[in-house]
Structure formats: structure tokens, C-alpha cells
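# Chains, contacts and geometry: an overview
The primary structure of each chain is shown beneath.
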Amino acid sequence: MVGRRGPVFSRRSLIGAGVGVGAAVFAGAGFGVAHAAGSSARRRGHGFLAAAMDGYPDHGSVRLTQSYSDQAGLFSTAFTYDNALAVLAHLATRTTDGRARAVVLGDALLYAQEHDPVYDDGRLRQAYNVGPYTFFDGSLQPDGFVRADGTANVGTQFGFTGTAVGDMAWAAVALSALARRTGARRFLDGAVRIGAWIERIGRTDEPLGGYKFGVNGANEKLPFTSTEHNTDLVCLFGRLALLTGDRVWRERRARAEAFVKKMWEPAGGFFYTGTNDGVTVNKSPIPEDTQTWTHLALGSRSESHSYSRSYSRALDWAAAELAVLDHADRRNSTVPAGQTYEGVTFSSASLVANEDAPIAEFQPKPDRNGVWFEGTAHLALALRDRNGRGDEASARRLLTSIERAQDLLGAGQTVGGRALPERSGVVSASSPLDTGFGFGYYPYRHAGATAWYLLAATRTNPLQA
């Protein structure tokens, strides 16, 4: 995400200041080989999440997972969204260690909620620092996740001080999953506090309705309304309705769902990204996650709420219209010779990015065919969930590409200055890619991409109420 000379912010930073694989894979001994390889890849993925969580052993037991390897230039930044995903991925292991790590991360999110340096209203910030570093300007950040005064170490150096509804929703989804798995009331209480904050800050009576984006670092409400965020709320509010028995969450779920459905484009078979003003639908760019997450939240086979099967065409749109194939012969590819990766890119704008100029100062030029591995995992999981003709074969092919990337891309990277286990952790992108939303992704090992791979590999739908 970031070069050595300066930062480039991720999607989460904007609020701060196919077809089937060969039959041999699915039959006889061939399936056994593929299954064994997948199990090894999953173990190494979890090994990366553990290493990224344990990168600063001298800075306290209350800790979060560093989001990117050190080489990304974000130092010890731990995004709230990535840590929510790490909780869910650890729970998906169904192991004692996985559960224990998920509980530690969940308690750290609760600590951040209860020990914010400014607010006491249930919010979390976009990101936190989890270990010491010297910033680009020479200033020292000396603390771990818990500062010397006991407050949570908010990521002020990069301006990661705002609060997005989507980030909050994912944190609450993770806490609700912990409440279900452990029965511990504190996790449900934390999730309810987050839900109440979203209702208070995000609810809008604008014509398109739904819940707005959140607040920036100055606590000013942002005007945007996101399909992605409201999709997250469909899951969260549905879970809170089930876990608390309070019917008010059903009404809130219905409100978020109504907004998402207003973003549907029946002629094209996809969902738009949202609205900038609450009145007019923003029709470009068209991102990948609004196609796959909508299915996971609204269209899961176990989902009891109404869902038009026509919406599942969004998966086919993403698989066809955002498909990319990255290899060394591409103009700006950073993939080593002899390697090829397939999957999807971030948005329709990524496919027409300006390849003659860097995404940001000091950064490499983008590759229009760079594979976004997090989104590729979204699609693999959604296809597995839909389970239509050819879906499993297509999903397996995407997962194989991700597993190859874990094996071969991002070698020699570190967390907290310590070498990562070999062949562990999925890079965020095969080559530099321009999202079309003002930021890029790069080939650095990433907790979020790794967690989504693990969820897809284990068939764990994190957005299922």
C-alpha cells in the first residue's frame, strides 16, 4: 500500500483528516491432493494472522493484529475492519487456539471502545497503532496498543481517526460472533453499543434512505451513503434482533436492506456503489464488493428474509466484468516471470486506470489486470454459497489462484521487524492496482485478504444473520 517515502491510504482511510477447473481436482486421488494442499495453505494463512497479532510481544497482552507487513509503510497500523475479519477467521478454525485468539482480539476491540482518548459513546476509530515506530517526519510513536495513560492508541499519524459505519458494523459482527460462540455477555453488549451509535449517527431520512457513511476525524458527519455499509448493517441488525430479541433491530435491518435494493440495476444485473447526496444514485465506478456482499447478506441459502434470485446475477456480473489475468508480460505487472494469477479487480474503474502515472506520489504505476485477492475471495465464497451449476468449480479455481499467491508473492516481508513464517499470508494485490476511489492496493501481505481467503476456504459466511 505504501512505498518507502510516504503513505498511500487504503479504502478504509478515506475518512481520516471463469469456469471450472479440471475434473482431476475433484475426483479420486486428485481431490485428496487438492484437499491436503488446501489444508496446508489454510494453516499457513492462520500462521500469518498469528504472527501479525504477536508482532510486538514487549508491548502488552492487550493487542490487535497489524494489518499489513512492514514493507507497506503503514508501520504498526491495525485497521478495525481487518481485526474484525481476523476474529471471524480465527473462529472459523474451530480450534482452541483460534477461539482464544478471537477472544483476545474481541476484548481489544472492547478495550478500544471503552478507553477512547476523546469519546465515550460506543464508537471505534478507523485504526490503531499496536507497536512503536519512527514516523516519516522523524517523530517517535513509542507505545503499543495501550498508551502509557491507559487510552487506546488511535492512529493519528496517518489521520485514521474517523469512524465509518461499515468498519463499525464489521466490528460488531465480529463481537456478535464471539457472543454466539462464547456466551459472554460483554461481547453482545459491545455490539449493541455499536449498533446504537450507528442508529444515532448514521440514520438518514433523505429520499434514498438507509444509513450514512459515518464521521471524519473532526467528528463531522459525512454526506455519502454506501451500498457496502448498508449491506453490512443487514447482517448486523439481523443478528442483534436474534441475539437480543428486541424487534427494533428488525426495523433497522429493513431500512438498510431497502437502501441496498434501491441500488440494484436490473438491466445490467449489478448493484451501484451508493449515493453522494442521498438523492442521486452514484453510477460509477461499480465496485466488486457490492456484488458479492449483497449475496452473502441477502441471498444465503439459510437466509429467511425475502431475496429475489435475480439479484444473484450480480455474482455473474462480477465474475465476468471484473475478471483479470495478471502475468509478467503485462505492462506494469510486478508478477515474477512464469507466474500467472486470475481473479477480479476492485471496480470497473480499475480496468481503465491510467497506466502512465502512479496512483499516488512515489508509488508504482498501476496494472489494469492486477488481481485484488480480497475481492477474489469474496467472489469465491459467494459462489460457494450460491452453489449453482459450475459455481464450486469456479470458486475452487479462484481459491487456487489465491493459494498460489500465498506461496509465491510477498517473500521476505516482516511484521514488527520480525520475519514472517514462509509462504504465509496473502498479499492484497498481485500487482499495484488503482481502485478508482482514490487509492491503490499493492503486493504486501495483508490480514484482511488473508482472513477473507480463510473464510472462503472454510465456507464461512460472515454476513449470514
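Remember, predicted model here, so these are calculated numbers, not experimental data.

Right, let's talk about the packing of helix H11 (residues 391-408) against helix H12 (residues 447-457) for a bit. Two elements in contact, H11 and H12, have axes separated by 11 Å at closest approach and are oriented at 140°. Relative to H12, the element H11 lies oblique. Crossing of H11 against H12: the hand is left-handed. Seen from H11, the contacting residues are Leu399, Ile402, Glu403 and Gln406; seen from H12, they are Tyr453, Ala456 and Ala457.

This paragraph deals with the pairing of strand S12 (residues 323-327). Here S12 shows a clear split, with Val324 and Asp326 buried on one side and none of Ala323, Leu325 and His327 buried on the other. Of the strand pairs in this sheet, S12 and strand S13 (residues 340-344) are connected by five bridges, and their pairing is antiparallel. Bridging across to S13, Leu325 finds its partner in Glu342.

Further remarks concern the sheet that holds strand S11 (residues 281-282). The three strands lie next to each other as S7-S10-S11, forming an open sheet whose pairing is antiparallel. Strands with a single pairing partner mark the edges of an open sheet, and in this sheet they are strand S7 (225-226) and S11. Looking at chain direction, S7 and strand S10 (residues 274-275) are connected through two bridges and run antiparallel. Bridge pairing in S10 links Ser226 to Gly274.

Before going further, it helps to spend a moment on helix H5 (residues 185-202). End to end, H5 covers 25 Å across 18 residues, agreeing with the expected 26 Å (1.5 Å per residue, within 8%). Every buried residue belonging to H5 is among Phe187, Leu188, Gly190, Ala191, Ile194, Gly195, Trp197, Ile198, Glu199, Ile201 and Gly202, and all of these are buried. Along its buried surface, H5 packs onto helix H3 (96-114), strand S5 (163-164), helix H4 (165-182), strand S6 (214-215), helix H6 (227-244) and helix H7 (248-262).

Let us look at the packing of helix H10 (residues 373-386) against H12. Orientation of H10 relative to H12, taken along the N-to-C sense of each, is 15°, at an axis distance of 8 Å. In terms of orientation, H10 lies roughly parallel with respect to H12. Considering the relative orientation of H10 and H12, their crossing is left-handed. Across from Glu374, Ala377, His378, Ala380, Leu381 and Arg384 in H10, the residues of H12 making contact are Gly448, Ala449, Trp452, Tyr453, Leu455, Ala456 and Ala457.

This part covers the pattern of salt bridges. Taken as a whole and assessed by the stated rule, the structure comprises 28 salt bridges. Asp121 is the partner of Arg123 in a salt bridge, and the nearest nitrogen-oxygen pair spans 2.8 Å. Since its relative accessible area comes to 4%, Arg123 is described here as buried. A salt bridge links Glu257 to Arg253; the nearest nitrogen and oxygen atoms lie 2.4 Å apart. With Glu257 and Arg253 both in helix H7 and four residues apart, this pair spans about one turn of that helix. Residue Glu257 is classed as buried on the basis of its relative accessible area of 8%. Judged by relative accessible area, Arg253 falls into the buried class, the value being 4%. Three or more residues joined by partner-sharing salt bridges are found here, namely Asp54, Arg63, Asp97 and Arg101.

Within the protein chain, residue pLDDT values average 92, and 90% of them lie at 70 or more. Predicted confidence for residues 1-33 stays below pLDDT 50, and this span has 99 contacts to residues more than four positions away or in other chains.

Here we come to the packing of aromatic side chains. Counted under the stated rule, the structure contains 31 aromatic pairs. Between the aromatic rings of Trp170 and Trp452, the centroid separation amounts to 5.8 Å while the plane-to-plane angle is 80°, which identifies the pairing as edge-to-face. One end of the pair, Trp170, is in helix H4; the other, Trp452, is in helix H12, with 282 residues separating them in the sequence. Relative accessible area serves as the criterion here: at 0%, Trp170 is assigned to the buried category. For Trp452, a relative accessible area of 0% translates into the label buried. Here the aromatic cluster, defined as three or more aromatic residues joined through ring pairs, consists of Phe75, Phe79, Tyr133, Phe135, Phe136, Phe158 and Phe160. Over the aromatic face of Tyr119 sits the side chain of Arg123, whose NZ or CZ is 3.6 Å from the ring centroid. The ring of Trp249 is capped by Arg252, whose NZ or CZ atom sits 4.6 Å from the centre of that ring.

What counts as what
- Residues numbered from 1 in each chain as written.
- Predicted model: local features only at pLDDT ≥ 70, side-chain atom pairs only at ≥ 80, totals over all residues.
- Heavy atoms only, no water.
- Axes fitted to C-alpha atoms, helices over the stretch in contact; angles between N-to-C directions.
- Helix = DSSP H or I, 4+ residues; strand = E, 2+ residues; numbered from the N terminus.
- Parallel < 35°, antiparallel > 145°, perpendicular 65-115°, else oblique.
- Left-handed = near helix turned anticlockwise from the far one by under 90°.
- Contact = heavy atoms within 4.5 Å.
- Buried < 20%, exposed > 50% of the residue type's maximum accessible area, 1.4 Å probe, protein only.
- Pairing = 2+ DSSP bridges.
- Expected span 1.5 Å × (residues − 1).
- Salt bridge = Lys/Arg side-chain N within 4 Å of Asp/Glu carboxyl O.
- pLDDT = per-residue confidence, 0-100.
- Phe/Tyr/Trp six-rings, centres within 6.5 Å; stacked < 30°, edge-to-face > 60°.
- Lys NZ or Arg CZ within 6 Å of the ring centre and 35° of its normal.

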